[in-house]
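These are the residues of each chain, in order.
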Amino acid sequence: MVKTLLVELGLEELPAYVVTASEKQLGQKIQAFLEENRLSFDTIQTFSTPRRLAFRVKGLADQQEDLTVDFKGPSKKIALDADGNFSKAAQGFVRGKGLTTDDITFREIKGEEYVYVTKHEEGKKAEEVLLAIPQVLASLTFPVSMHWAENSFEFIRPVHTLTVLLDDHLLEMPFLDIKSDRISRGHRFLGQETSIQNADSYEADLRAQAVITDPQERQEMILSQIKDLESKHGIQVDIDDSLLNEVLNLVEYPTAFMGSFDAKYLSVPEEVLVTSMKNHQRYFVVRDQDGKLLPNFISVRNGNAEHLENVIKGNEKVLVARLEDGEFFWREDQKLQIADLVAKLEHVTFHEKIGSLAEHMERTGVIAKYLAEKATLNPEETKAVVRASQIYKFDLLTGMVGEFDELQGLMGEKYALLAGEDAAVATAIREHYLPSSADGQLPETKEGAVLALADKLDTLLSFFSVGLIPSGSNDPYALRRATQGLVRILEAFGWNIPMDELIENCFALSFDSLTYDNQSQVMDFIAARVEKMMGKAIPKDIRDAVLASSNFQVPEMLATAEALAEASKTSDYKTAVENLSRVFNLAAKVEEVSAINQALFENQEEKDLYQAVSELTLSGLAKDKLEQLFALTDKIVAFFDNTMVMAEDQALKNNRLALLSELMTKANTVAQFNLLNTK
């Protein structure tokens, strides 16, 4: 007989950003709990609102499956003493399984007998197993936790109620300082405490108290209401997925409405208005059918439509205060001079151990000029990069960015254009912050990409130089994100700038403000980001082989990893790699590389391989280079079949090792082939 289990945890309001993640985590943990405890089930449905996390299990077995397990113990010669009695080893083994020596049998495995015991465990009733649910709830993890009342236990927010129903039967159990009950709390303003009748009536019982427990249903309500407003007013609404998720986790009963603001604020840059509405007030942006911003917004109330006009007025009043600030700063900032703001950056600390923002910009400028050359920017593009590097942080001292820090870079671009700066310079100022997240938007212009690379490089090198190096999951200065951005930009623009050469040159620079240090750790850190970019779909041996190559050009390395992964599926991969590995292993024995003397060749196979290696240029795409290397397989095989590399004659041996070393040197620009696994 199957049953339905409902568990609801009632809490104080959760931060919106943890609700969905916590709901998902709860579902995963209860699934693992049921599977581990051999309780079969059909489906698990999860629920969440700002004030509750819940799940319902359908088709739950009313009893654990019986368990029968065989355990292998010590060999018979160890299990029996000289008198044929069970030894302490055998007694300890069965005792650890909750059995006695009477349960021992012997089984023969490959000619030798071993102790075996069979343990049978009868399945417990589901109600007994489910008493451990509080342990599952206690195992939930959160970004932040808190104490309350006299509790020493930490949780995301204070817990008020726990409901555990098996069909209509209440399972009594404690959690923290409360006991389970049928009581659940309705909407804070529109509902009241209610009794959950049974596991299947959960949504209906709380709907009667103005709570929509299913987040998918709440989301569909919000989208449907917005669609109605679009149709009614002839507008279109920007539906940002992250904002939508945040809003639905702020409400238990959603009602969408449209408000407005004075059209005079449309003279303020759109980014300011959007930031005020979206980031600060959690409003959806409204546009006309041509995509032009309108003096309206869509918000979602946590409640019904009663007295909605008062709610609209209140929201409009709050937004106007924000827009007034934006208009004021927009007007006042235009009175400032970029040169004056840049001069003041000398007094703004980048980091107390590293120096000022002005010093950071100086170092970035030197790196940017070097990168512009390596990325083959033309003179106009280089000029724009140099100019941008001289001023690109100025907007941090504007009133607008001081009030709306999300607009750094964006306002820099706008103020730079107003000040008469070249468009490429202004764009680079905005784009140097990109990407702002692990998978965020990348710069689109070369100038912006070079400035972003230079800024991220100096940030990385500076923090490493003063010992502020990420460890474990600790990365307070987001250096992993910055380095990931660096790698992504190099790949996106196809800039095969040798990173080892670049870092070497950076460390050779001399600044009054800082001396770069910890070079090897910087290289390891960048390599780790390149490996992450390769992804887990690329086998570990391939990632290792490419990272160990002599060619640290990011786009080339990423392409090579993919090409090797594809090549590994072909029939000739094993033979080609094994023979190249043999070349690498033998060439590693070379203590001092000598010039190849063709006069010492004793057979045609040596001459053929020498000719092929001499002509090998490894050009084209990564897959082309692999094909060129793999095309040497027959000549390498013939060479090894007919040539004793480690000859007794020292001159012959050194000459043959020199030939293999030449091949290894060229092949190692692709990958270190002896790290590849062909088994």
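Residues numbered from 1 in each chain as written. Predicted model: local features only at pLDDT ≥ 70, side-chain atom pairs only at ≥ 80, totals over all residues. Heavy atoms only, no water.

Helices and strands together make up the secondary structure of the protein chain, namely 27 helices and 18 strands. Taking 679 residues into account, the globule formula puts the C-alpha radius of gyration at 26 Å, and the protein chain, at 34 Å, lies well above it. In terms of its C-alpha atoms, the protein chain occupies a principal-axis envelope of roughly 100 × 100 × 45 Å. Going through the 679 residues of the protein chain one by one, you find that 48% of them count as buried. Considering only contacts in the protein chain between residues 6 or more positions apart, those separated by 24 or more positions represent 68%. Total accessible area computed for the protein chain in this model is approximately 32700 Å², and 47% of it derives from carbon and sulfur atoms. The centroid of the 71 positive side-chain charges in the protein chain is displaced by 2 Å from the centroid of its 107 negative side-chain charges. (Helix = DSSP H or I, 4+ residues; strand = E, 2+ residues; numbered from the N terminus. Rg over C-alpha atoms; globule rule 2.2 N^0.38 Å. Buried < 20%, exposed > 50% of the residue type's maximum accessible area, 1.4 Å probe, protein only. Contact = heavy atoms within 4.5 Å. Areas by Shrake-Rupley, 256 points an atom, 1.4 Å probe, with all protein chains shown as cover. Lys, Arg positive; Asp, Glu negative; His and termini not counted. Charge placed at Lys NZ, Arg CZ, Asp CG, Glu CD.)

Looking now at the packing of helix α10 (residues 308-333) against helix α15 (residues 410-418). Between α10 and α15, whose axes approach to 11 Å, the crossing angle comes to 40 degrees. Here α10 lies oblique to α15, going by the angle between them. The chirality of how α10 crosses α15 is right-handed. Side by side, α10 and α15 meet where F329, W330 and D333 of the first sit next to M411, Y415 and L418 of the second. Taken together, the residues of the contact of α10 with α15 sort by class into five nonpolar, no polar and one charged. (Axes fitted to C-alpha atoms, helices over the stretch in contact; angles between N-to-C directions. Parallel < 35°, antiparallel > 145°, perpendicular 65-115°, else oblique. Left-handed = near helix turned anticlockwise from the far one by under 90°. Nonpolar A, V, L, I, M, F, W, Y, C, P; charged D, E, K, R; others polar.)

When cut into domains, the protein chain gives domain 1 (2-64 + 125-208), domain 2 (67-121), domain 3 (215-333), domain 4 (340-534) and domain 5 (546-675). For domain 3 and domain 4, the distance between their C-alpha centres works out to 34 Å. Residue-level contacts link 13 residues of domain 3 with twelve residues of domain 4. Linking domain 3 with domain 4 are two salt bridges, by the criterion used here. Two residues, E271 and K414, come together in a salt bridge whose shortest N-O distance is 3.4 Å. Contributions of two or more residues to the side of domain 3 that touches domain 4 are made by α9 (270-281) and α10. Classifying every residue of the side of domain 3 that touches domain 4 by side-chain character gives four nonpolar, five polar and four charged. (Domains from an automatic or database assignment. Salt bridge = Lys/Arg side-chain N within 4 Å of Asp/Glu carboxyl O.)

With that settled, the discussion passes to the sheet that holds strand β8 (residues 169-170). Reading across the sheet, the five strands line up as β2-β3-β1-β7-β8 and stay open at both edges, with antiparallel pairing between neighbours. The sheet terminates laterally at β2 (43-49) and β8, the two strands that pair on one side only. With seven bridges connecting them, β2 and strand β3 (residues 52-61) associate as antiparallel partners. Note that in β3 the partner of T49 across the bridge is R52. Packing of helix α1 (residues 16-36) onto the sheet brings it into contact with β2 and β3, and relative to β2 it is tilted by some 150 degrees. (Pairing = 2+ DSSP bridges.)

This part is about the sheet that holds strand β14 (residues 254-260). Strand pairs in the sheet, formed through backbone hydrogen bonds, run parallel or antiparallel to each other. Taken together, four strands build an open sheet; the order of strands is β13-β15-β16-β14 and the sheet is antiparallel. Each edge of the open sheet carries a strand with a single partner, namely β13 (236-237) and β14. Strand direction decides the pairing type here: strand β15 (residues 284-287) and strand β16 (residues 293-302), joined by three bridges, are antiparallel. Bridge pairing links V285 to F297 in β16. Where helix α7 (residues 215-233) meets the sheet, it contacts β13, β14, β15 and β16, and its direction lies at approximately 35 degrees from that of β14. Running at roughly 55 degrees to β14, α10 makes contact with β14 and β16 of the sheet.

Between its first and last C-alpha, α10 extends 37 Å over 26 residues, near the 38 Å set by a 1.5 Å rise per residue. Residues of α10 that are buried: L308, V311, I312, N315, L319, L323, G326, E327, F329, W330 and D333. Of the surrounding elements, those touching the buried residues of α10 are β14, α9, β16, α14 (399-403) and α15. (Expected span 1.5 Å × (residues − 1).)

This part takes up the environment of E230. One can find E230 in helix α7. Overall, E230 belongs to the partly exposed group, its relative accessible area being 22%. For the pair formed by E230 and R287, sequence separation is 57 residues and the distance between their alpha carbons is 9.8 Å. Leave out the neighbours within four places in its chain, and E230 touches I235, Q236 and V237.

Another aspect to go through is the packing of aromatic side chains. As enumerated under the stated definition, the model contains 19 aromatic pairs in all. Centroid distance F153 to F175: 6.5 Å. Interplanar angle 70 degrees. Geometry classified as edge-to-face. Within this pair, whereas F153 is found in the loop between α5 (133-138) and β7 (159-166), its partner F175 is found in strand β9 (residues 174-175), the two being separated by 22 residues in sequence. Seen in terms of ring centroids, F155 and F175 are 5.8 Å apart; in terms of plane orientation they differ by 80 degrees. Their pairing is edge-to-face. Of the two residues, F155 sits in the loop between α5 and β7 while F175 sits in strand β9, which places them 20 residues apart along the sequence. With respect to burial, F155 and F175 carry one shared label: buried. Cluster of aromatic residues (ring-pair linked, three or more members): F142, F153, F155 and F175. Across from the ring centre of Y114, 4.3 Å away, lies the NZ or CZ of K72, which sits over that ring. Against the face of Y116 rests R107, its NZ or CZ located 4.3 Å from the ring centre. (Phe/Tyr/Trp six-rings, centres within 6.5 Å; stacked < 30°, edge-to-face > 60°. Lys NZ or Arg CZ within 6 Å of the ring centre and 35° of its normal.)

Its location among the elements puts N249 in the loop between α8 (241-248) and β14. Here N249 falls in the buried class, since its relative accessible area comes to 0%. Polar side-chain contacts of N249 include one of 3.1 Å to the backbone oxygen of N245. If we ignore the near neighbours within four places in the chain, the residues touching N249 are A16, V19, T20, P50 and R218. (Polar contact = N/O pair within 3.5 Å; in protein donor to acceptor, adjacent residues only side chain to side chain.)

Two strands pair when backbone bridges link them, and strand β5 (residues 105-109) and strand β6 (residues 112-121) are joined in this way by five bridges, in the antiparallel orientation. Directly across from E108, in β6, lies its bridge partner E113. What sits between the antiparallel neighbours β5 and β6 is a turn of two residues, in which K110 has the positive phi angle 50 degrees.

Moving on, we get to α1. Because the α-helix completes a turn every 3.6 residues, residues three or four places apart line up on one side. For α1, which comprises 21 residues, the first-to-last C-alpha distance of 31 Å matches the rise-based estimate of 30 Å (1.5 Å per residue) to within 8%. Residues of α1 that are buried: A16, V18, V19, S22, E23, Q25, L26, G27, I30, F33 and L34. In the core, the buried residues of α1 are packed alongside β2, β3, α4 (126-129), α5, α7 and α8. Positive backbone phi, approximately 60 degrees, marks R38, located one or two places after α1.

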